[in-house]
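Residue-level structure breakdown
Chain by chain, the residues run as shown.
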Amino acid sequence: MVFAGPSGWFLYQSACSTAGAAERISLVLHAVMCLVMIPMVWPWGARVPHGPQAAVLGASAAWFVASAVRARRMTPAVKDAHHALMSAVMAWMVVMPMPLPTDGAAPRMDGGHAAMGRMSGPAPAAVTLAAYCLVAAVVWLAEAGTATSPESPARRLPAAAGHAAMSLGAGVLTLAMA
């Protein structure tokens, strides 16, 4: 599954990390974000309790904001700011779930179903956020191939793919919920 694999990778990296506690916490939070996205894409996901998910994702957003503020260099600060935004978007998606038809049919991309009538279209803020998420997915994948990181490509690629999957998923789900 698109989100289960990266979640496992982030947990594995957390267990194997020689970095400090802050890095391990960040890796575990990435795993949690991946796991929370799994029920978001399935009809049964609406039955998963929203409160605990929103609380954990809100705490994750706060953690990454603090990490961005604490960062000594621009690149880690920007990445942590991105992770904070993704956590906040996911918390919003959990609290404001996509409207699902009561007849068990798949949700429609226009944000509702036939009985609700035609909506005027997605909000400009949602489109902007979705566009940001989709661009971020491409940036994460492009970064995986760069040689400037001290990490080996074998370590960079799965992490970048996980970040890209979360960004892509957040973008698509933001559009679907708009």
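These notes cover the structure that comes with them. (Residues numbered from 1 in each chain as written. Predicted model: local features only at pLDDT ≥ 70, side-chain atom pairs only at ≥ 80, totals over all residues. Heavy atoms only, no water.)

What follows concerns the overall build of the chain. When you go through the chain residue by residue, the secondary structure sums to six helices and zero strands. Along the chain direction, N to C, the helices and strands of the chain fall in the order α-α-α-α-α-α. In the chain, buried positions account for 38% of the 178 residues. Counting only contacts in the chain whose residues sit at least 6 apart along the sequence, the fraction spanning at least 24 positions is 69%. (Helix = DSSP H or I, 4+ residues; strand = E, 2+ residues; numbered from the N terminus. Buried < 20%, exposed > 50% of the residue type's maximum accessible area, 1.4 Å probe, protein only. Contact = heavy atoms within 4.5 Å.)

Running from N to C, helix α2 (residues 21–40) and helix α3 (residues 50–70) point in directions that differ by 140°, and their axes come no closer than 10 Å. Put simply, α2 runs oblique to α3. Handedness of the crossing formed by α2 with α3: left-handed. Between α2 and α3, the residues in contact are A22, I25, S26, L29, H30, V32, M33 and V36 and Q53, V56, L57, S60, W63, F64 and R70, respectively. Along the lines of polarity and charge, the residues of the contact of α2 with α3 split into ten nonpolar, four polar and one charged. (Axes fitted to C-alpha atoms, helices over the stretch in contact; angles between N-to-C directions. Parallel < 35°, antiparallel > 145°, perpendicular 65-115°, else oblique. Left-handed = near helix turned anticlockwise from the far one by under 90°. Nonpolar A, V, L, I, M, F, W, Y, C, P; charged D, E, K, R; others polar.)

We now examine the nonpolar core. One finds M37, M40, M90 and M93 to be the most contacted residues of the largest nonpolar core, which totals 28 residues. Each residue touching M37, except ones within four places of it in the same chain, is listed here: F3, M90, M166, G169, A170 and L173. (Core = buried A, V, L, I, M, F, W, Y, C linked by side-chain atoms within 4.5 Å.)

Next up on the list: the packing of α2 against helix α4 (residues 74–95). Where α2 contacts α4, the two axes come as close as 11 Å, and the packing angle between them is 30°. Our classification of the angle between α2 and α4 gives roughly parallel. When the axes of α2 and α4 are compared, the crossing they make is left-handed. Here H30, M33, V36, M37 and M40 of α2 come into contact with α4, specifically with H83, S87, M90, M93 and V94. A breakdown of the residues in the contact of α2 with α4 according to their chemical character gives seven nonpolar, three polar and no charged.

The next thing to look at is the packing of aromatic side chains. Summed over the entire model, instances satisfying the criterion amount to one aromatic pair. The interplanar angle of 40° and the centroid separation of 5.7 Å between the aromatic rings of W9 and Y12 together place this pair among those described as tilted. Residue W9 and its partner Y12 are located together in helix α1 (residues 4–16), separated by three residues, close to a single helical turn. When the ring centre of W63 is taken as reference, the NZ or CZ atom of R70 above it lies at 5.6 Å. (Phe/Tyr/Trp six-rings, centres within 6.5 Å; stacked < 30°, edge-to-face > 60°. Lys NZ or Arg CZ within 6 Å of the ring centre and 35° of its normal.)

Residue position: T128 is located in helix α5 (residues 124–144). Of the residues examined, T128 reaches a relative accessible area of 55% and is grouped as exposed. When the C-alpha positions of T128 and L175 are compared, they lie 9.6 Å apart, and in sequence the two are 47 residues distant. A distance of 2.9 Å separates a polar side-chain atom of T128 from the backbone oxygen of P124. (Polar contact = N/O pair within 3.5 Å; in protein donor to acceptor, adjacent residues only side chain to side chain.)

On the surface, V127, L134, L168, V172 and L175 cluster together into a nonpolar patch covering about 350 Å² of accessible area. Those elements that provide at least two residues to the nonpolar patch are α5 and α6 (153–177). Top contributing element to the nonpolar patch by residue count: α6, with three residues. Here L175 shows up in helix α6. We classify L175 as partly exposed; its relative accessible area is 32%. (Patch = residues over 30% accessible without salt bridge, like charges linked within 9 Å, V, L, I, M, F, W, Y side chains within 5 Å. Areas by Shrake-Rupley, 256 points an atom, 1.4 Å probe, with all protein chains shown as cover. Salt bridge = Lys/Arg side-chain N within 4 Å of Asp/Glu carboxyl O.)

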